[in-house]
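Survey of secondary and tertiary structure
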Amino acid sequence: MRNQHDKGRSLVLEAGDAQLLLEFFMHMQEENPRFFYAVDLNEEHRLRNVFWVDSKGMEDYNFFGDVVCFDTTYFANKYKIPLALFVGVNHHIQPSLFGCALIADDTVNTFFWLMQTWFMAMGERAPQVILTDQNNALKTAIVAVLPQTRHCYCLWHILEKVPRQLEYMSLWHENFMEKFHKCIFKSWTEEQFEKRWWKLLDKFHLREVEWVHSLYEDRKYWVPTFMRDVSFAGLSAMMRSESLNCLFDKYVLEETSLREFVEHYKIILEDGYEEEAKADFDAWHETPELKSPSPFEKQMSLVYTHEIFKKFQGEVLGAAACHIKKESEDGTTIVYTVKDFEDTENYMVEWDKSKSDIYCSCHSFEYKGYLCRHGIVVLQMSGIFNIPPGYVLQRWTNAAKSRHAMSEKLVEVQTKVRRFNDLCRRAIILGEEGSLSQQSYSVALCAIREALKQCAGVNNSVENIAGPSVIEEENQCHNTLKERIPDSQLTSANKVTRRAEAGKEESIKSSPMKRGNVPYSGAASVGSEDGFNIVDVSDLGPTQSHNMMPAQLQHVVPTLFYGIPPSQFHNVASTHFNEANPPR
């Protein structure tokens, strides 16, 4: 279904690169059967486009796939490898890699194939928001494949193009950018934006410039004034250096070869596992320090991850430098002007008490995902001393990976986070004790299986309205172990309990984390005391997974692309799974 212009196009690769890719894919799939890759062949059966994603990326997408940035910077800037990345952000403000691609061109057909393949790899779950560069081919492909997704342009992509597109205005650049920023960042209403935009174009004689006209036509894709109902989770920064995408720049240089990138790719994954595991470990064992008596700070210290809390804490402290003035009132909606003495700017804040809706012209919540200092000072003025639930995103909390949505009551969320952190702390201690001998390992494994079964039963019961406290849970657990474990084995269990009680007072001497060996969701370690095999067991029932031996697990084969065996997959062209016609 491709047009004549696309025929014959293929990836520009060095000698041996195609074989290198194939070997890389097969090696990654041997390490983890859930590794996903797909190839697009042209009419001459040569590689045209390639896509791949590891199992951790697919798993992370379940929790952090609300906002995705599709970055084609390396391709657009004509790097040696035509690389495109699907990037997200986790609850520790660390980049999550949702997929990599090598593309032959930037046509509608290429982007259609890539978006469709990526969408299928992610279990056909569309993101709420996808961020890209301004590109008509991408716009067409996204509308066709992800019609329910809000498509927006990265701010830094737009701002980065201004000097290049308006190069002839270099003499007036500083003055133009000042007024340009005022127009796009300080316009409170759409009408105000329209008025400032046309005034700007007339002042600098830009009405006839085609690129400027395209910016206006696409204004709902990038101008903050139109982003009132969008959340970017920090992925749409003003400069690339401030974006999470730039973290990959240290691995990909202009002359980086495909072989070098394949080697770097493994390091990217290992670094990501290690950083996330370290942040999780710190969250379980450290309580953030409070720097003020603010009820907002105390409230969110038990909810947000450390990294988000530090940023929110800065907003709480910054509220002291804000002066508020009431401007107007219409029913339940009040509009305030907030003077921020730290950056000497005035901001408009709209507060609807009946709906607990708050909107600030600084757009912090939309772009960063947490409430700004201007909103906090308005809440204080209104006698509200808790952040409304609608402004606490679960993706930024310690319960981000919970399969249950956050309750409307933040008190319940805080209690849940306390229980979660306490259980994680005890689980680490149990892991240390349980791994010391085969006998203690058996005791720990038996207790975990029994506890998991009982917890699932309790959680599935509709009669379960209120659970016991952490202390009550500990006593119940101790009594259950006494009943189920013989006296001869109580030594190990009691040791675990004693260490759990002291866990809050003593620090963990060493973290059980090493590069490349960090476990993640979706995989399980099963085997003898001497060696373990990592294998996905998400599709196995409890009985099957418990009874399988290591030798059997090595032969578990994934079914990718609806039943196509991995051994044949690299020979399959895109038409085998893409029956839908691409957009014309």
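Residues numbered from 1 in each chain as written. Predicted model: local features only at pLDDT ≥ 70, side-chain atom pairs only at ≥ 80, totals over all residues. Heavy atoms only, no water.

Some remarks on the confidence of the model for the chain
Averaged over every residue, the pLDDT of the chain is 78; the share at 70 or more is 74%. Contacts of residues 1-5 to residues separated by more than four positions or lying in other chains number 10 contacts, the stretch itself having pLDDT below 50. Low confidence marks residues 466-581, where pLDDT is under 50. Its contacts with residues over four positions away, or in another chain, come to 139 contacts. (pLDDT = per-residue confidence, 0-100. Contact = heavy atoms within 4.5 Å.)

Section: the sheet that holds strand E10 (residues 345-352)
An order of E8-E9-E10-E11 is seen for the 4 strands of this open sheet, with the pairing classed as antiparallel. Edge positions in the sheet fall to strand E8 (322-330) and strand E11 (357-360), since each of these pairs with one other strand and no more. Neighbour-to-neighbour, the strand axes of this sheet turn through a mean angle of 20 degrees, independent of strand direction. With 4 bridges connecting them, E10 and E11 associate as antiparallel partners. (Pairing = 2+ DSSP bridges. Helix = DSSP H or I, 4+ residues; strand = E, 2+ residues; numbered from the N terminus. Axes fitted to C-alpha atoms, helices over the stretch in contact; angles between N-to-C directions.)

Brief notes about the packing of helix H7 (residues 173-185) against helix H8 (residues 190-203)
Across the interface, H7 lies against H8 with an axial gap of 9 Å and an inter-helix angle of 165 degrees. Considering their axes alone, H7 and H8 lie roughly antiparallel with respect to each other. The hand of the H7/H8 crossing is left-handed. When H7 is examined against H8, the residues Asn-175, Phe-176, Lys-179, Phe-180, Lys-182, Cys-183 and Ile-184 are found in contact with a partner set consisting of Phe-193, Arg-196, Trp-197, Leu-200 and Lys-203. (Parallel < 35°, antiparallel > 145°, perpendicular 65-115°, else oblique. Left-handed = near helix turned anticlockwise from the far one by under 90°.)

Quick look at empty space enclosed by the protein
Enumeration according to the criterion identifies 1 cavity of 30 Å³ or more in this entry. Quantified by volume, the largest cavity comes out at close to 40 Å³. If you trace the largest cavity, you find it lined by Leu-166, Phe-176, Phe-180, Trp-197, Leu-200, Leu-201, Leu-206, Trp-211, Val-212 and Leu-215. Mapped onto the lining of the largest cavity, the elements with two or more residues apiece are H7, H8 and helix H9 (210-217). Residues that form the lining of the largest cavity fall into these classes: 10 nonpolar, no polar and no charged. (1 Å grid on protein atoms, 1.4 Å probe; cavity = no way out; pocket = protein on both sides within 12 Å on 5 of 7 lines; lining within 4 Å. Points joined across faces, edges and corners; volume = space filled by probe spheres on them. Nonpolar A, V, L, I, M, F, W, Y, C, P; charged D, E, K, R; others polar.)

Things to note about the UniProt feature "domain: SWIM-type" (unreviewed entry) in the chain
In the numbering adopted here, UniProt assigns the feature "domain: SWIM-type" (unreviewed entry) to residues 347-383. Summarising residues 347-383: 38% helix, 27% strand, and an end-to-end C-alpha distance of 20 Å. (UniProt positions renumbered as here; feature names shortened; annotations may be inferred.)

Here's the deal with the nonpolar core
The biggest cluster of nonpolar side chains holds 74 residues, and the ones touching the most others in it are Phe-176, Phe-180, Trp-197 and Trp-222. With 6 residues, the single largest contributor to this core is H7. Built from parts of two domains, this core gets at least three residues from each of domain 1 (17-154 + 222-274) and domain 2 (295-406). When sequence neighbours within four positions are dropped, the list of residues in contact with Phe-176 reads Val-162, Leu-166, Met-169, Leu-200, Phe-204 and Leu-206. Within the second largest apolar cluster, 32 residues are counted, among which are Phe-51, Met-58, Ala-84 and Trp-118. (Core = buried A, V, L, I, M, F, W, Y, C linked by side-chain atoms within 4.5 Å. Buried < 20%, exposed > 50% of the residue type's maximum accessible area, 1.4 Å probe, protein only. Domains from an automatic or database assignment.)

Side note on the side chain of Ser-96
Tracing the backbone shows Ser-96 in strand E5 (residues 95-103). In contact with Ser-96, not counting residues within four places along its chain, are Asp-60, Phe-86, Val-87, Gly-88, Val-89 and Asn-90.

Structural notes on H8
Helix length check: H8, at 14 residues, gives a terminal C-alpha distance of 20 Å against a target of 20 Å (1.5 Å per residue), a fit within 8%. Considered for burial, the residues of H8 that qualify are Phe-193, Trp-197, Leu-200 and Leu-201. Projected down its long axis, H8 carries its buried residues within an arc of 95 degrees, all on one side. H8 presents Glu-191, Lys-195 and Lys-199 as exposed residues on the side facing more than 90 degrees away from its buried surface. On its buried face, H8 is in contact with H7 and H9. Directly beyond the C-terminal end of H8, a positive phi value near 55 degrees is found at His-205. (Expected span 1.5 Å × (residues − 1). Arc of directions from axis to C-beta.)

Notes on helix H16 (residues 438-460)
Taking 1.5 Å of rise per residue, 23 residues should cover 33 Å, and H16 covers 33 Å from first to last C-alpha, within 8% of that figure. What H16 keeps buried is the set Ser-440, Val-443 and Ala-444.

A closer look at the packing of helix H6 (residues 155-165) against H7
Two elements in contact, H6 and H7, have axes separated by 11 Å at closest approach and are oriented at 155 degrees. By the criterion of interaxial angle, the relationship of H6 to H7 is roughly antiparallel. Note on packing geometry: the crossing formed by H6 with H7 is right-handed. On H7, the residues touching Leu-155, Leu-159, Val-162 and Pro-163 of H6 are His-173, Phe-176, Met-177, Phe-180, His-181, Ile-184 and Phe-185. In terms of residue class, the contact of H6 with H7 is built from 9 nonpolar, 2 polar and no charged.

Here we look at the packing of aromatic side chains
Within this structure, the stated rule accounts for 33 aromatic pairs. An angle of 90 degrees between the planes, with centres 5.5 Å apart, marks the rings of Phe-24 and Tyr-265 as edge-to-face. Placement of Phe-24 in helix H1 (residues 17-31) and of Tyr-265 in helix H10 (residues 258-285) is noted, with a sequence separation of 241 residues between them. Overall, Phe-24 belongs to the buried group, its relative accessible area being 4%. Exposure remark for Tyr-265: the relative accessible area of 1% places this residue in the buried category. Grouped by ring-pair contacts, the aromatic residues Phe-176, Phe-180, Phe-193, Trp-197, Trp-198, Phe-204, Tyr-216, Trp-222 and Phe-226 constitute a single cluster. Between Arg-228 and the ring centre of Tyr-359, over which it is positioned, the NZ or CZ distance is 3.8 Å. When the ring centre of Phe-341 is taken as origin, the NZ or CZ atom of Lys-339, which lies over that ring, is 6.0 Å away. (Phe/Tyr/Trp six-rings, centres within 6.5 Å; stacked < 30°, edge-to-face > 60°. Lys NZ or Arg CZ within 6 Å of the ring centre and 35° of its normal.)

Some words on a positive patch on the surface
On the surface, Lys-179, Lys-182, Lys-195, Lys-199 and Lys-203 cluster together to form a positively charged patch. Mapped by element, the contributors of at least two residues to the positive patch are H7 and H8. In terms of residue count, the dominant contributor to the positive patch is H8 (3 residues). By the element assignment, Lys-195 lies in helix H8. (Patch = residues over 30% accessible without salt bridge, like charges linked within 9 Å, V, L, I, M, F, W, Y side chains within 5 Å. Areas by Shrake-Rupley, 256 points an atom, 1.4 Å probe, with all protein chains shown as cover. Salt bridge = Lys/Arg side-chain N within 4 Å of Asp/Glu carboxyl O. Lys, Arg positive; Asp, Glu negative; His and termini not counted. Charge placed at Lys NZ, Arg CZ, Asp CG, Glu CD.)

Details of the sheet that holds strand E1 (residues 36-41)
Strands sit in the order E1-E2-E5-E4-E3-E6-E7 across an open sheet of 7 strands; the sheet is mixed. Of all strands in the sheet, those bounded by a partner on one side alone are E1 and strand E7 (150-153). Across the sheet, the axes of successive neighbouring strands diverge by a mean angle of 20 degrees, strand direction being ignored. The sheet contact formed by strand E6 (residues 129-132) and E7 spans 4 bridges and is parallel. When the bridges of E7 are listed, Thr-132 appears paired with Tyr-153. Packing against the sheet, helix H2 (residues 55-64) makes contact with E1, strand E2 (47-53), strand E3 (67-71), strand E4 (83-89) and E5, and its axis sits at approximately 125 degrees to E5.

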